[in-house]
Amino acid sequence: MPTAPRIVRNRDLAPSWTVLRAREPGFQRSLITWMGGPEGYINTNPDVAIESRHCAVGLMDMPVGNRQPGVHTHTIDEIYVILEGQCESFDGIGNTHIAGPYDCLYIPKGVPHGVRTIGTQDLKLLWVNDDIERWGVSVYAEGPGPHPAADEVRLIAMRDLARPGSQTSRVSWVGCLQIGIDGTAGVTIANPRLALSLCVLEVGRRITAPPARDPQLWVVVRGSAVVEIDGRHERIGPQDAVFCAAGSTLDLRAEPAEPVHLVHLDTAERRQSST
């Protein structure tokens, strides 16, 4: 029997302030995790979050006037999607990008990086790791640098994805040819492990997806929706997530008040496992 979708509610995710210097003025930021690794791997909410051995997804809240300390590197590719506010990204050799709502920053593994809030609004940033990473493996470097790397942080601006006059309700920041999601040629970043996109459902519209070939996560950014789970209708709102295991179906409908905006993560878990 297919596994029913599972809701991970924001109200059940206690924010964590355990990353480096997160409680210090000027560096304050908190994390929650909707999907994370098993014990010993990055997962700030292990009792609530979906456990995965293939990727991690969460949210960073950073108040105005704060930044990540120095630059840091990961052993995995990391993806940032700005949900609210604005940030300036920086790397180890002086490159910067300004990113606002629905812009995406793609950080290849081993590339020094960091962000700081700019403007007058607190930053909400959705982060995705394309594999699980052990706690303590990420390396922080402070000081002027330089901290060179073989690659660089890339900006995927929403203005380059959204086509004026188009009725398309989905755009992809990261595409995965293994699962048939390509995105906008020349703009979307290719990743063999996952695809990441924005889906907008107009009022009353619905998603009735066939059984998922691989695990998927849907995160509500704006608006609210109703999800059918085992014959029940469950309402979900901003920063709630719905997880669909391989083989499960999804029936999700936007509520009548306003469109619902969802970030959709589609993994290539089974394809990766079989290679």
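Report on the accompanying structure. (Residues numbered from 1 in each chain as written. Predicted model: local features only at pLDDT ≥ 70, side-chain atom pairs only at ≥ 80, totals over all residues. Heavy atoms only, no water.)

1. A short note on the pattern of salt bridges
- Evaluation of the coordinates by the stated rule reveals eleven salt bridges.
- Where Glu24 meets Arg21, a salt bridge forms, and the shortest distance between an N and an O atom there is 3.1 Å.
- Given the relative accessible area of 26%, Arg21 is considered partly exposed.
- Note that Arg193 and Asp131 form a salt bridge whose closest N and O atoms lie 3.5 Å from each other. Here Asp131 lies in the loop between strand 11 (123–129) and strand 12 (139–141) and Arg193 lies in the loop between strand 15 (189–190) and strand 16 (194–201), a separation of 62 residues in the sequence.
- On the accessibility criterion, Asp131 (25% relative accessible area) is partly exposed.
- Here the salt bridges share partners, and the residues they tie into one network are Arg9, Arg232, Glu234 and Asp240. (Salt bridge = Lys/Arg side-chain N within 4 Å of Asp/Glu carboxyl O. Buried < 20%, exposed > 50% of the residue type's maximum accessible area, 1.4 Å probe, protein only. Helix = DSSP H or I, 4+ residues; strand = E, 2+ residues; numbered from the N terminus.)

2. Quick notes on the sheet that holds strand 14 (residues 170–175)
- Within the open sheet, the seven strands sit side by side as 1-21-18-23-16-14-15. Their pairing is mixed. The open sheet has two edge strands with one neighbour each: strand 1 (6–8) and strand 15.
- The pairing of strand 14 with strand 16 spans four bridges and is antiparallel. Residue Arg170 lies in a different strand from strand 16, and its bridge partner there is Cys199. (Pairing = 2+ DSSP bridges.)

3. Notes on the packing of aromatic side chains
- Under the definition given, this model contains zero aromatic pairs.
- We note Arg21 situated over the ring of Phe27; from NZ or CZ to the ring centre the distance is 4.1 Å. (Phe/Tyr/Trp six-rings, centres within 6.5 Å; stacked < 30°, edge-to-face > 60°. Lys NZ or Arg CZ within 6 Å of the ring centre and 35° of its normal.)

4. Focus: the pairing of strand 4 (residues 56–62)
- Across the seven residues that make up strand 4, a large majority, six, are buried.
- Examined bridge by bridge, strand 4 and strand 11 share seven bridges and lie antiparallel to one another. The residue bridging Met60 from the neighbouring strand is Leu125, located in strand 11.

5. Here's the deal with the side chain of Arg9
- By the element assignment, Arg9 lies in the loop between strand 1 and strand 2 (30–36).
- If we ignore the near neighbours within four places in the chain, the residues touching Arg9 are Glu234, Arg235, Ile236 and Asp240. (Contact = heavy atoms within 4.5 Å.)

6. Some details on the pairing of strand 8 (residues 96–99)
- Looking at chain direction, strand 7 (residues 86–91) and strand 8 are connected through four bridges and run antiparallel. When the sheet's bridge partners are listed, Glu88 is paired in strand 8 with Ile98.
- In this antiparallel pair of consecutive strands, strand 7 and strand 8, the connection spans four residues, and Gly94 shows a positive phi of 95°.

7. A closer look at the nonpolar core
- Residues Trp34, Leu126, Trp173, Leu196 and Leu217 are the most contacted members of the largest nonpolar core, which totals 36 residues.
- Ranked by the residues each element gives to this core, the list is headed by strand 16, at four residues.
- Setting aside anything within four residues of it in sequence, one finds Trp34 in contact with Val8, Leu13, Ala49, Ile50, Val57, Gly58, Leu59, Leu126, Leu217, Val219, Gln239 and Ala241.
- One finds Leu31, Ile82, Leu105 and Leu125 within the second-largest nonpolar core, a separate group that totals 19 residues. (Core = buried A, V, L, I, M, F, W, Y, C linked by side-chain atoms within 4.5 Å.)

8. Focus: the environment of Thr18
- In this structure, Thr18 sits in the loop between strand 1 and strand 2.
- Of note is the side chain of Thr18, whose polar atom sits 2.9 Å from the side chain of Ser16. (Polar contact = N/O pair within 3.5 Å; in protein donor to acceptor, adjacent residues only side chain to side chain.)

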